[in-house]
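For reference, the chains in residue letters:
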Amino acid sequence: MPAAIADVFTYGKSYIQALPRYIPGKPASSVAQQYGFAESEVLKLASNENPLGIPGSAQQAMLNLAAQASGCYPEPEAAPLKARLAERFGVPQSWITVGNGSSEILELAARAFAGQGDSIVMSEYAFALYSLYTSAVGATPVVIPARDFGHDLEAMLAAIDKTTKLIYIANPNNPTGTFIEPDEIEYFLSRVPKEVVVLLDEAYAEYLPDALQTDSAALLERHRNLILLRTFSKAYGLAGLRVGYSMAQPELTQILNQVRSAFNTNSFAQVAALAALSDEEFVRCTRDLNDRGREQLYHGFDLLALPYLRSAGNFVLVHVGDGERISEELLKRAVIVRPVSSYGLKAWVRISVGLPEQNERLLEALSSSLHSAAAYRQ
Ligand SMILES: Cc1ncc(COP(=O)(O)O)c(C=O)c1O
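Residues numbered from 1 in each chain as written. Predicted model: local features only at pLDDT ≥ 70, side-chain atom pairs only at ≥ 80, totals over all residues. Heavy atoms only, no water.

Enquirer: Hey, could you run me through the site of the ligand in this one?
Expert: As a structural note, the neighbourhood of the ligand is formed by G101, S102, S103, F127, N174, D201, A203, Y204, T231, S233, K234 and R242. Between an oxygen atom of the ligand and a main-chain N or O atom of S102, the distance comes to 2.7 Å. In this structure, S103 approaches the ligand through a side-chain N or O atom, which is 2.6 Å from an oxygen atom. Here the ligand, which alone exposes 400 Å², has 93% of that area covered by the protein. Within the shell around the ligand, the residues separate by chemical class into three nonpolar, six polar and three charged. (Near = heavy atom within 4 Å. Polar contact = N/O pair within 3.5 Å; in protein donor to acceptor, adjacent residues only side chain to side chain. Areas by Shrake-Rupley, 256 points an atom, 1.4 Å probe, with all protein chains shown as cover. Nonpolar A, V, L, I, M, F, W, Y, C, P; charged D, E, K, R; others polar.)

Enquirer: Can you help me understand the pairing of strand β5 (residues 164-170) in this one?
Expert: Across a regular strand the side chains alternate sides, sitting on one face of the sheet and then on the other. β5 sits mainly inside the fold: six of its seven residues count as buried. With three bridges connecting them, strand β3 (residues 119-123) and β5 associate as parallel partners. In the strand pairing of β5, V121 is matched with I167. In this sheet, strand β6 (residues 197-201) lies alongside β5 in parallel orientation, the contact comprising five bridges. (Buried < 20%, exposed > 50% of the residue type's maximum accessible area, 1.4 Å probe, protein only. Helix = DSSP H or I, 4+ residues; strand = E, 2+ residues; numbered from the N terminus. Pairing = 2+ DSSP bridges.)

Enquirer: Even after reading the chapter, I still don't get the domain arrangement of the protein chain, so can you show me in this structure?
Expert: When the parts of a complex come together, some accessible area is lost, and that lost area is often taken as the interface size. Domain assignment breaks the protein chain into domain 1 (3-53 + 281-377) and domain 2 (69-278). A straight line from the C-alpha centre of domain 1 to that of domain 2 covers 24 Å. Taken together, the contact pairs 31 residues of domain 1 with 31 residues of domain 2. Between domain 1 and domain 2 lies a buried interface of about 2,500 Å² when both sides are counted; carbon and sulfur atoms form 65% of it. Of all residues in domain 1, R287, A312 and Y343 give up the largest surface area on contact with domain 2, accounting jointly for 25% of the area buried on that side. The interface formed by domain 1 and domain 2 contains one salt bridge. (Domains from an automatic or database assignment. Contact = heavy atoms within 4.5 Å. Buried area = accessible area lost by both parts, 1.4 Å probe. Salt bridge = Lys/Arg side-chain N within 4 Å of Asp/Glu carboxyl O.)

Enquirer: What should I look at first to understand the side chain of T164 in this one?
Expert: The residue T164 is located in strand β5 in this model. Once residues lying within four places of it in the same chain are set aside, the contact partners of T164 are S119, V121, A159 and V196.

Enquirer: How do you make sense of unusual backbone geometry when you look at a structure like this?
Expert: Here the residue pair N171 and P172 is connected by a cis peptide bond, since its omega of -5° sits within 30 degrees of zero. Its location among the elements puts P172 in the loop between β5 and α9 (182-191). Between N174 and P175 the backbone carries a cis peptide bond, its omega angle lying at 15°. Inspection of the secondary structure assignment puts P175 in the loop between β5 and α9. Look at R242: it is not a glycine, yet its phi comes out positive at around 65°. With respect to the helices and strands, the residue R242 is situated in the loop between β7 (226-231) and β8 (244-248). With a relative accessible area of 28%, R242 lands in the partly exposed category.

Enquirer: I would appreciate a short explanation of helix α7 (residues 129-136) in the present structure.
Expert: Structurally, the α-helix is built with 3.6 residues per turn, so residues lying three or four positions apart point the same way. Among the residues making up α7, those that are buried are L129, Y130, L132, Y133 and T134. Contacts from the buried residues of α7 go to α6 (102-113), β3, β4 (140-144), β5 and β6.

Enquirer: So what exactly am I meant to see when it comes to helix α13 (residues 280-303) here?
Expert: In a regular helix each residue adds 1.5 Å, so 24 residues correspond to 34 Å; α13 covers 35 Å between its end C-alpha atoms and thus fits that length. All of the buried residues along α13 are F282, V283, T286, L289, N290, G293, R294, L297, Y298, G300 and F301. Just downstream of α13 lies A305, where phi reads positive at about 60°. (Expected span 1.5 Å × (residues − 1).)

Enquirer: So what exactly am I meant to see when it comes to the packing of helix α4 (residues 56-67) against helix α12 (residues 267-277) here?
Expert: In the contact formed by α4 and α12, the axes pass within 8 Å of each other and the chain directions differ by 140°. For the element pair α4 / α12, the angle class is oblique. Handedness of the α4/α12 crossing: right-handed. Along the contact surface, α4 presents S57, A58, A61, M62, L65 and A66, while α12 presents S267, F268, V271, A272, A275 and A276. A class-by-class count of the residues in the contact of α4 with α12 yields ten nonpolar, two polar and no charged. (Axes fitted to C-alpha atoms, helices over the stretch in contact; angles between N-to-C directions. Parallel < 35°, antiparallel > 145°, perpendicular 65-115°, else oblique. Left-handed = near helix turned anticlockwise from the far one by under 90°.)

Enquirer: Help me understand the side chain of N171 in this model?
Expert: On the secondary structure map, N171 appears in the loop between β5 and α9. Of note is the side chain of N171, whose polar atom sits 2.6 Å from the backbone nitrogen of I180. Not counting residues up to four positions away in its chain, the partners in contact with N171 are T178, F179, I180, I185, L200, D201 and E202.

Enquirer: Just checking my understanding: could you explain the packing of aromatic side chains for this structure?
Expert: The geometry of an aromatic ring pair comes down to the distance between the two centres and the angle between the two planes. Taken as a whole and judged by the stated rule, the model has 14 aromatic pairs. For the ring pair Y298 and Y308, a centre distance of 4.9 Å and an interplane angle of 10° mean the geometry is stacked. A residue pair is termed long-range when its members are at least 10 positions apart, and Y298 in helix α13 and Y308 in strand β9 (residues 308-309) qualify at ten residues. As far as burial versus exposure is concerned, Y298 and Y308 are alike and both buried. Of the aromatic side chains, those joined through ring pairs into one cluster are Y22, F127, Y130 and Y168. Its guanidinium or amino end placed over the ring of Y187, R191 lies 3.9 Å from that ring's centre, counting from NZ or CZ. A cation over a ring is seen here: R350 above F315, with NZ or CZ 5.9 Å from the ring centre. (Phe/Tyr/Trp six-rings, centres within 6.5 Å; stacked < 30°, edge-to-face > 60°. Lys NZ or Arg CZ within 6 Å of the ring centre and 35° of its normal.)

Enquirer: Could you clarify how one ought to interpret the nonpolar core in this entry?
Expert: In globular proteins that are soluble, nonpolar side chains generally tend to be buried together. Counting 51 residues, the largest nonpolar core has L81, I167, I169, F188, F232 and L238 as its most contacted members. Here this core takes six residues from α12, the largest share from any one element. Not counting residues within four places of it along the chain, the set of residues in contact with F188 comprises L153, M156, L157, I167, I169 and V198. Counting residues in each nonpolar core, the second largest holds 35 residues, with A114, M122, L129 and V137 among its members. (Core = buried A, V, L, I, M, F, W, Y, C linked by side-chain atoms within 4.5 Å.)

Structure (structure tokens):
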């Protein structure tokens with residue numbers, strides 16, 4: 001085919017072709033292969049996963065399901081899971097949307113509320129998928145400079161104009177671990193115009209102390225433009241199953257479900273989430289382990305004289321000088337962390353909190369990586 005004709009066939013919209021790709025944490029299998037380790041030797045602290053793994057209750061629920069697997073489609077509305085969530089949060093079932101991971105709901109919101117000519121407001125250093133999903137629907141991400149590494153809510157409010165359809169807020173935020181107090185959120189919500197939807201992403205909410213937990217039902221009653229987002233990937237240990245959920249008043253929930261595909265969560269994810277939700281002991285252990293692990297990391301970073309941000313999540317952002325270089329050195333020692341240069345945080349890496357012995361191993365590997373990098377520079 002002559003080149004001139006071939007050029008006519010360019011696939012995909014130009015703004016889609018220009019999209020950057022989301023870079024997930026490297027899988028242990030590929031690091032093992034690349035660096036010649038056994039996969040079991042590789043320590044992955046790069047994706048904020050739960051170091052306790054899947055709760056036994058969820059595993060058992062999946063085994064039970066496997067024994068009677070029917071070949072039928074999953075429950076299209078995840079109704080049993082919604083019923084349990086409704087009970088837990090004291091909201092009607094019709095306020096809940098279940099997604100293939102909470103990231104699916106982030107995407108549904110962008111698709112449902114924004115398009116070309118619209119804009120979505122978010123903070124600098126906020127979760128990377130916000131701007132990707134915004135651009136993917138042809139809308140403009142309006143990225144507001146961070147204040148002390150967290151959301152500058154006043155500046156976000158000031159950025160709202162007639163093109164603004166949605167605001168994404170991560171609380172706690174990933175990758176910085178910053179946290180906005182509930183009364184600040186409430187004050188912010190009271191001033192956002194009601195025609196602008198606010199999606200409050202609480203992926204790490206279960207790691208917060210009880211006193212800082214959102215009273216979701218009360219907040220949703222007061223703000224009909226609010227979507228609260230949660231996930232089973234972190235404190236519930238189900239990252240591999242892909243299940244998250246949102247709560248919002250029916251008007252918004254119906255719109256989200258309008259763009260949701262019918263069988264978006266599979267049967268195993270649904271039964272696992274249902275079991276994990278009732279497993280309060282697992283979540284309590286997760287939170288205790290995380291509290292202790294974060295302190296262990298802070299202490300280790302203090303000894304290494306590395307600045308870090310105190311985190312409200314299950315990860316810590318630490319200043320290592322050259323994040324890409326140190327991440328590479330850590331890979332040579334079979335430890336995976338997350339460089340965050342794609343966020344504009346070139347000097348930092350994000351490290352997920354592991355089990356005590358994993359944190360210890362990370363700190364040792366980090367110390368030797370810093371020495372190697374310093375020797376290399378001299
Ligand atoms: C702030 C935030 N929101 C949403 C997600 C998406 O999680 P998932 O799709 O696994 O529910 C993540 C994952 O790391 C996150 O950090």
